[in-house]
Structures are given as structure tokens and as C-alpha cells.
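One letter stands for each residue in the lines below.
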Amino acid sequence: MQQMHDSVIVGGGPAGASCALWLARLGLSPLLVEAGPRLGGLGNDNPFVDDWIAVLPGVTGQQVAANIDASVRAANVPLRLDTRVSAVLPCKGGIQATLTGSDGSQTPVRGRTLVIASGVRAKGLPDHPQGSHWPGVLIGPGSPIVAQDYSGLSVAVLGGGDNAFENYVYVRNRGARAVHLYARSVRAQQQWVTRAGSEGVRIGPYKVDPANRSVDGRQYDLILVFYGWEPQAAFADGLQLARDERGYIRTDFGTAETSVPDIYAIGEVAHRMHPCVVTSMADGVVAAKAIQRRWERAGE
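Residue positions are given per chain, counting from 1 as you read along its sequence in written order. A pLDDT threshold of at least 70 governs which residues receive local features in this predicted model, and a stricter bar of 80 or more applies before side-chain atom pairs are shown or counted, although totals over entire chains, interfaces and linings include all residues. Hydrogens and water are ignored here; the side-chain numbers use all heavy atoms of the structure.

The name an unreviewed UniProt entry gives the protein chain is NAD(P)/FAD-dependent oxidoreductase, with Achromobacter seleniivolatilans as the organism.

(A) Expanded view of the packing of helix α1 (residues 14–25) against helix α6 (residues 277–298). At a minimum axis separation of 7 Å, α1 and α6 run at an interaxial angle of 35°. For the crossing formed where α1 meets α6, the hand is right-handed. For the pair formed by α1 and α6, the contact residues are Pro 14, Ala 15, Ser 18, Cys 19, Trp 22 and Leu 23 on the first element and Val 277, Ser 280, Met 281, Gly 284, Val 285, Ala 287, Ala 288, Lys 289 and Ile 291 on the second. Considering only residue class, the contact of α1 with α6 consists of 11 nonpolar, three polar and one charged. Angular values range over 0 to 180 degrees, each being the angle between N-to-C directions of two axes fitted as lines to C-alpha atoms, with helices fitted over their stretch in contact. Labels follow the DSSP assignment, with helices taken as runs of H or I lasting at least four residues and strands as runs of E lasting at least two, numbered in each case from the N terminus. In this scheme the handedness of a crossing depends on how the near helix is turned from the far one: anticlockwise by less than a right angle means left-handed, clockwise means right-handed. Contact between two residues is taken to exist if any of their heavy atoms lie within 4.5 Å; hydrogens are not considered. Each residue gets one label: Ala, Val, Leu, Ile, Met, Phe, Trp, Tyr, Cys and Pro are nonpolar, Asp, Glu, Lys and Arg are charged, and the others, such as Gly, are polar.

(B) Representation of the pattern of salt bridges in the model. By definition, a salt bridge exists where a carboxyl oxygen of Asp or Glu is found within 4 Å of a side-chain nitrogen of Lys or Arg. For the coordinates displayed, the defined rule picks out eight salt bridges. For Asp 237, the salt bridge identified is with Arg 243, shortest N-O distance 3.4 Å. Between Asp 283 and Arg 272 there is a salt bridge; the shortest N-O distance is 2.7 Å. Residue Asp 283 is located in helix α6, and its partner Arg 272 is located in the loop between β17 (263–265) and α6; the two are separated by 11 residues in the primary sequence.

(C) Representation of the pairing of strand β4 (residues 83–91) in the model. Whether two strands pair comes down to DSSP finding at least two bridges between them. The pairing of β4 with strand β5 (residues 94–101) spans eight bridges and is classified as antiparallel. Paired with Pro 90 across the two strands is Ile 95, which belongs to β5.

(D) Broad picture of the sheet that holds strand β13 (residues 214–215). The strand order across the open sheet built from three strands is β12-β13-β14, with neighbouring strands paired in antiparallel fashion. Edge positions in the sheet fall to β12 (208–209) and β14 (218–219), since each of these pairs with one other strand and no more.

(E) Up close: the sheet that holds strand β10 (residues 178–183). Pairing is parallel across the open sheet formed by five strands, whose spatial order is β8-β15-β9-β10-β11. Sheet topology places β8 (137–139) and β11 (201–203) at the edges, where each strand pairs with a single neighbour. Strand-to-strand, the axes of this sheet are offset by a mean angle of 20°, without reference to chain direction. Bridge analysis of strand β9 (residues 154–158) against β10 gives five bridges, and the strand direction is parallel. Directly across from Leu 158, in β10, lies its bridge partner Tyr 182. Along the sheet, helix α4 (residues 162–172) contacts β9, β10, β11 and β15 (222–225); its crossing angle with β10, the most-contacted strand, is approximately 175°.

(F) View of unusual backbone geometry. One non-glycine residue with positive phi stands out, namely Ala 256, at about 70°. Tracing the backbone through its elements, the reader meets Ala 256 in the loop between β16 (229–231) and β17. Only protein chains enter the calculation, and the probe is 1.4 Å; a residue is then buried if its accessible area is under 20% of its type maximum, exposed if over 50%, and partly exposed in between. For Ala 256, a relative accessible area of 0% translates into the label buried. Of note, the phi angle at His 271 is positive, near 50°, even though the residue is not glycine. Judged by relative accessible area, which is 31%, His 271 ranks as partly exposed.

(G) Spotlight on the packing of aromatic side chains. Aromatic contacts are taken between Phe, Tyr and Trp rings whose centres are within 6.5 Å, Trp giving its six-membered ring; a plane angle under 30 degrees counts as stacked, one over 60 as edge-to-face, and the others as tilted. Scanning the model with the defined rule gives four aromatic pairs in all. An angle of 90° between the planes, with centres 6.5 Å apart, marks the rings of Tyr 150 and Tyr 170 as edge-to-face. Linking Tyr 150 in the loop between α3 (143–147) and β9 with Tyr 170 in helix α4, this pair joins segments that are 20 residues apart in sequence. Judged by its relative accessible area of 10%, Tyr 170 is buried. Residues Tyr 182 and Tyr 206 carry aromatic rings whose centres are separated by 5.5 Å and whose planes lie at 55° to one another, so their mutual orientation is tilted. Of this pair, Tyr 182 sits in strand β10 while Tyr 206 sits in the loop between β11 and β12; the two residues are 24 residues apart in sequence, bridging distant segments of the chain. Since its relative accessible area comes to 4%, Tyr 182 is described here as buried. Grouping aromatic residues by their ring pairs yields a cluster made of Phe 48, Tyr 150 and Tyr 170.

(H) Highlighting the environment of Pro 141. The topology assignment puts Pro 141 in the loop between β8 and α3. Expressed as a C-alpha distance, the spacing of Pro 141 and Glu 166, which sit 25 residues apart in the sequence, is 9.9 Å. Those residues in contact with Pro 141 that lie beyond four places of it in its chain are Asn 163, Asn 167, Phe 226 and Trp 229.

(I) Fine view of the pairing of strand β6 (residues 106–116). Looking at chain direction, strand β1 (residues 4–10) and β6 are connected through six bridges and run parallel. Residue His 5 lies in a different strand from β6, and its bridge partner there is Gly 111. Judged from the six bridges that link them, β5 and β6 form a sheet pairing that is antiparallel. When the bridges of β6 are listed, Gln 96 appears paired with Arg 110. Counting the residues that bridge the hairpin from β5 to β6 gives four residues, and of these Gly 104 lies at a positive phi of roughly 90°.

Set out below in C-alpha cells:
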């Protein structure tokens, strides 16, 4: 007979890992499912120091991710790594999720509740299908940006947010021959705008030709695209959860429960609070405590 978990948690970033750890510590039985090879979410691709976490000064995003992984394993949370949730359907007593492994094998699992913590992905170029690739065009922040050798290259950085300005400064300090930042508008924090300066920064409309690696007709060796994020939870589309105009899952702020009972959404996929490691972890606690209260009431 198939085991019924108290919760199937989709996504092993700060939100999902926090929820799983709390549920396990509270005596419940979560199953944490992560599409990647390790826990920690986007932090695995962030080699920069994350000085926004009050208790971890001087620690990089990758170190934060490693600490998340270690904490969850110390709590003996059942894990499925390198595993995607490809579909979710209601079933008697909860939900049934189809897990798809890296080898294509599929396994059904059941949970009394579902927690969606699948996060976000970097937006690609507008008017091009998600996942499109061109030589010399890198989408979103992460390890490939850091691993790239910029010596003697011409580089265009696209975007007006923190990631664009931060990486513009990073590339400029890595020996590039020429670096230009193109931003239709500026959303970055003032500290990054100040560090970037005005030289090489172009504010206003521009046109990108990714196939020719050109911006406004000027060719570059590399184009780095930082257009923000979009939620990724297509596996839950069949549940018809209420979403906002940008596709983020709507939730009750006090419980993180979605428009469908016993289904929760936390972290950046729900965009419930300012997105960062700390708020995502707090979201995990909110959902875990709500699930605990749910089963305490059911047992009365």
C-alpha cells in the first residue's frame, strides 16, 4: 500500500527546505522533492557574499545553500533529488503527485497536503520562447556568468534591476574590453546605481538581436540578460489555483494556503513578501505551522 505523507513539498530551496525541516521537527512526515542534484535553490548559483542575512555575515549564496542542505539532512527529512513533479491530482484524503526521475522513470506518491515551493526562473528575451538559446547569450544570474572569462571581450548587460547593475560592475572589474549596460528603466537599489556610475550605462528603449549578438546595431562578444524572474509551477496548472496578473500563486497571508484547501504555496512562487532567503524561510515556517494546526484540529 502506498505511503501517505503528511505533506509533499515541491522544491528544495530556502522555502521548501524550511517547511520540510519544521514539519519533521514537529513530528510530521514530509517528503521533499527537488528537481536539481542538491538542496539550496538559486543560492547554488550565487558565489557572491550575501550580507543581507543577519546571522550569517560574510557567507556566500553557495555556502548558504550548503548549510540548508546540511540542516535538512540532519533532520532526516526524506528526500528525492534529481526528481521533477510532472503532475498533481486530487485523490482520496489528499493529493497524488507523479515524480519523474532523471532517467524518465515515474513514481506516484501521495500526501495529505501539497506545498508548492518551486520558485522562479530567469526570464528570457521577450518575443522568444522560454528556453531559447543563442551562442554568446547568457540568461539570468548564476555560475555560468561567474565562470565566464571576460578578458578582452565586449559585453552588453541588459536589465534595470539589482542583478543587472551588480553584474555590470562585476564584468567591468574582470578585464572586459568594453561593457555597456542597457536599461529601459532603473529599478536597482541606489547602492548599485552609484557603484555602476553613468559611463557605459544607457537608459531608454533599445533593440536586441540575439542571433547576431547585437544591441541597437552594435555587436558584442557576449550579451548577458537580467530581465527578472517568473514563477515556475506548471505541474500544478491542473489544480486551477488562483494566480495574480503575473502568474504568481495567490495565498492566504496568515497560512500560505492557496485557493484550494490543503494546498500551500510558499517562497518566490507565491511572491508573498519581498523575495529573499530570509522571507522564503519564514514562509516555510508559516506553512508548516498551518499544516500542524490542520492535523491537530482533525484529531480533536
